[in-house]
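Spelled out, the chains give:
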Amino acid sequence: MSHAYATADDFIPAEDIGAAITPAGPTLGAYVEGIDLSDPFSADAVSAIRGALLTHKVLFFRDQNISHEDHIRFGRYFGDLEGHPVTAHVPGHPEILHIEAADGLKISEALLPIARPANKWHTDVTFREAPSMGGILRMRKMPPIGGDTIFADTAAIYDDLPPDVKRRIETLDAEHDILQSFGYRVSDEKREELRKEFPPRTHPMVRAHPETGERHLFVNHVFTKRVIGLEDRESKELLTYLFDRVKCPEYQVRFQWSENAVVFWDNRATQHYAVLDYWPHERVVERVTVQGDKPFR
Ligand code: SIN
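These figures come from a predicted structure and were not determined experimentally.

Quick notes on the rules
- Residues numbered from 1 in each chain as written.
- Predicted model: local features only at pLDDT ≥ 70, side-chain atom pairs only at ≥ 80, totals over all residues.
- Heavy atoms only, no water.
- Helix = DSSP H or I, 4+ residues; strand = E, 2+ residues; numbered from the N terminus.
- Rg over C-alpha atoms; globule rule 2.2 N^0.38 Å.
- Contact = heavy atoms within 4.5 Å.
- Areas by Shrake-Rupley, 256 points an atom, 1.4 Å probe, with all protein chains shown as cover.
- Lys, Arg positive; Asp, Glu negative; His and termini not counted.
- Charge placed at Lys NZ, Arg CZ, Asp CG, Glu CD.
- Salt bridge = Lys/Arg side-chain N within 4 Å of Asp/Glu carboxyl O.
- Buried < 20%, exposed > 50% of the residue type's maximum accessible area, 1.4 Å probe, protein only.
- Pairing = 2+ DSSP bridges.
- Axes fitted to C-alpha atoms, helices over the stretch in contact; angles between N-to-C directions.
- Near = heavy atom within 4 Å.
- Polar contact = N/O pair within 3.5 Å; in protein donor to acceptor, adjacent residues only side chain to side chain.
- Nonpolar A, V, L, I, M, F, W, Y, C, P; charged D, E, K, R; others polar.
- Phe/Tyr/Trp six-rings, centres within 6.5 Å; stacked < 30°, edge-to-face > 60°.
- Lys NZ or Arg CZ within 6 Å of the ring centre and 35° of its normal.

Asks: Before we move on, could you go through the overall build of the protein chain and cite the residues and values that matter?
Replies: Secondary structure assignment for the protein chain yields 8 helices and 17 strands. Relative to its length of 297 residues, the protein chain is compact, with a C-alpha radius of gyration of 19 Å against a globular reference of 19 Å. Pairs at least 24 apart in sequence give 82% of the contacts found in the protein chain among residues at least 6 apart. For the protein chain, the accessible surface area stands at approximately 13,400 Å², while carbon and sulfur atoms represent 51% of it. Distance between charge centroids for the protein chain: 6 Å, based on 35 positive and 47 negative side chains.

Structure, rendered in structure tokens:
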């Protein structure tokens, strides 16, 4: 099947809508200035932001005192929105996730294998047949210090893999399972329900980005359970090796939040990790999630 991919020429340049884009890191991330997310967008503004997202993979907007309605409207410019089967939502707004560490974990607890999925390297909702296109996160309650979010560029990670590893994984599929991460947080009854609604899904270990054609490593520590067709030990070794690549700071950008900052990431091109270093303080963020499509090679 041939697929026409987008190029920079397909999008309105950010300057044309009065915005300035400044790279935040050598591989991914950019600060966007000159845009007010509480204003409705023109078609040109949607095009410019989509173009910037494809280029930089994660966009950082500061000082955006947006309402829930503004948050939802901004998300809808990029696709339909989805809720989450386990994470709570903002009352009256099923499209906005409320993500909070209210019970407070110390760093040592946060690092346990069963700790919260947000505080591990992951791409969102890869347990879905069609994992999300993007996440739009708004800071609601800042801890006095800490609570950064780190993003990793999964195309740069894939590009740098040794040729023999690339050859090995480019035809392999892996299984992704919601119960691997969220299973321990729910009742037996809810676990049964999740099992029925979200059977384990198989995705290519390397996916082509549906808009740019770039190739991305597509396995993550939170949801990827095993490599199809490999013995247990071999599967674990391969996944551990790949998960370790995501931890390399060379492929990352780290965002230090400020009041009313908003972050928009391309979930097809990145992984992220919410740093849980602020206990006993609280941190609350709200996420709008844009639906995506079924990954292909
Ligand atoms: C998430 O994984 O969507 C939340 C990230 C964060 O809390 O920084």
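Asks: Please give an account of the pattern of salt bridges that cites residues and values.
Replies: One pass over the structure, following the stated rule, counts 24 salt bridges. Among the ionic pairs, aspartate 70 bridges to arginine 73, the shortest N-O distance being 3.2 Å. One end of the pair, aspartate 70, and the other, arginine 73, are both in helix α2 (residues 68-76), 3 residues apart, so they sit about a helical turn from each other. A relative accessible area of 11% means that aspartate 70 is categorised as buried. Since its relative accessible area comes to 25%, arginine 73 is described here as partly exposed. The residue glutamate 95 makes a salt bridge to arginine 76 at a minimum N-O spacing of 3.4 Å. In this pair, glutamate 95 is assigned in strand β6 (residues 93-100) and arginine 76 in helix α2, connecting sequence segments 19 residues apart. If you follow the salt bridges from partner to partner, you end up with Arg50, Glu211, Asp266 and Arg268 in one network.

Asks: Explain the sheet that holds strand β13 (residues 224-227) to me, using residue names and the numbers behind them.
Replies: Overall, antiparallel pairing links the 3 strands, which are arranged β10-β9-β13 in an open sheet. The open sheet terminates on both sides in strands that have one partner only, identified here as β10 (201-204) and β13. When the angles between neighbouring strand axes are averaged without regard to direction, this sheet yields 35°. In this sheet, β13 lies alongside strand β9 (residues 173-176) in antiparallel orientation, the contact comprising 3 bridges. Within β13, the residue paired with glutamate 175 across the bridge is arginine 226.

Asks: Go over the site of the ligand, please, and point to the residues and values.
Replies: Residues in contact with the ligand, as listed here, are Ala118, His122, Asp124, Leu137, Thr149, Trp265, His272, Ala274, Arg283, Val285 and Arg287. In this structure, threonine 149 approaches the ligand through a side-chain N or O atom, which is 2.6 Å from an oxygen atom. Arginine 283 is positioned with one of its side-chain polar atoms (N or O) 2.8 Å from an oxygen atom of the ligand. The fraction of the free accessible surface of the ligand (260 Å²) that becomes covered by protein chains is 98%. Listing elements by their share of the shell around the ligand, those giving two or more residues are β16 (270-274) and β17 (284-290). Looking at side-chain class alone, the shell around the ligand contains 5 nonpolar, 3 polar and 3 charged residues.

Asks: Give a description of the pairing of β6 that names residues and reports values.
Replies: As defined by bridge partners, strand β5 (residues 89-90) adjoins β6 across 2 bridges and the pair is classed as antiparallel. If you follow histidine 89 over to β6, its bridge partner there is leucine 97. Between the end of β5 and the start of β6, which pair antiparallel, lie 2 residues, with glycine 92 showing a positive phi angle near 85°. Two elements, β6 and β17, share 5 bridges in a ladder whose sense is antiparallel. In the sheet register, glutamate 100 faces β17, and the bridge partner there is valine 284.

Asks: So, the environment of tyrosine 251: which residues are in play, and what are the values?
Replies: Looking at the secondary structure, you find tyrosine 251 in the loop between α8 (232-246) and β14 (252-255). Sequence spacing of tyrosine 251 and tyrosine 77 is 174 residues, and the spatial spacing of their C-alpha atoms is 29 Å. Ignoring anything within four residues of it in the chain, the contact list for tyrosine 251 reads Thr27, Leu28, Phe151, Ala152, Asp153, Ala156, Ile157, Asp160 and Arg245.

Asks: Could you give an account of the pairing of strand β15 (residues 262-266), naming the residues involved and the relevant values?
Replies: Consecutive side chains along a regular strand alternate between the two faces of the sheet. Extensive coverage of β15 is indicated by the burial of 5 of its 5 residues. Because side chains alternate across β15, one face comprises the buried residues Val262, Phe264 and Asp266, and the other comprises Val263 and Trp265, equally buried. Bridging between strand β3 (residues 58-61) and β15 involves 4 bridges; their strand directions are antiparallel. The residue bridging valine 58 from the neighbouring strand is tryptophan 265, located in β15. Bridge count between strand β7 (residues 134-141) and β15: 5 bridges; the pairing is antiparallel. Directly across from leucine 137, in β15, lies its bridge partner valine 263.

Asks: A description of the packing of aromatic side chains should follow, citing residues and the corresponding values.
Replies: This structure, assessed with the given rule, holds 15 aromatic pairs. Note on phenylalanine 60 and phenylalanine 255: the rings are 4.4 Å apart at their centroids and 5° apart in plane angle, and the pair reads as stacked. With a gap of 195 residues between them, phenylalanine 60 in strand β3 and phenylalanine 255 in strand β14 connect regions that are remote in the sequence. Taken individually, phenylalanine 60 and phenylalanine 255 each receive the classification buried, so the pair is uniform in this respect. Considering the side-chain rings of phenylalanine 61 and phenylalanine 74, the 6.0 Å spacing of their centres and the 80° angle between planes classify their relative orientation as edge-to-face. Remark: phenylalanine 74 occurs in helix α2 and phenylalanine 61 occurs in strand β3; sequence separation between them is 13 residues. There is no split in this pair, since phenylalanine 61 and phenylalanine 74 are both buried. An aromatic cluster is present here, built from Tyr31, Phe60, Phe151, Phe255, Trp257 and Trp265 joined pairwise through their rings. The positively charged end of arginine 207 is found above the aromatic ring belonging to phenylalanine 218, 4.9 Å away from the centroid.

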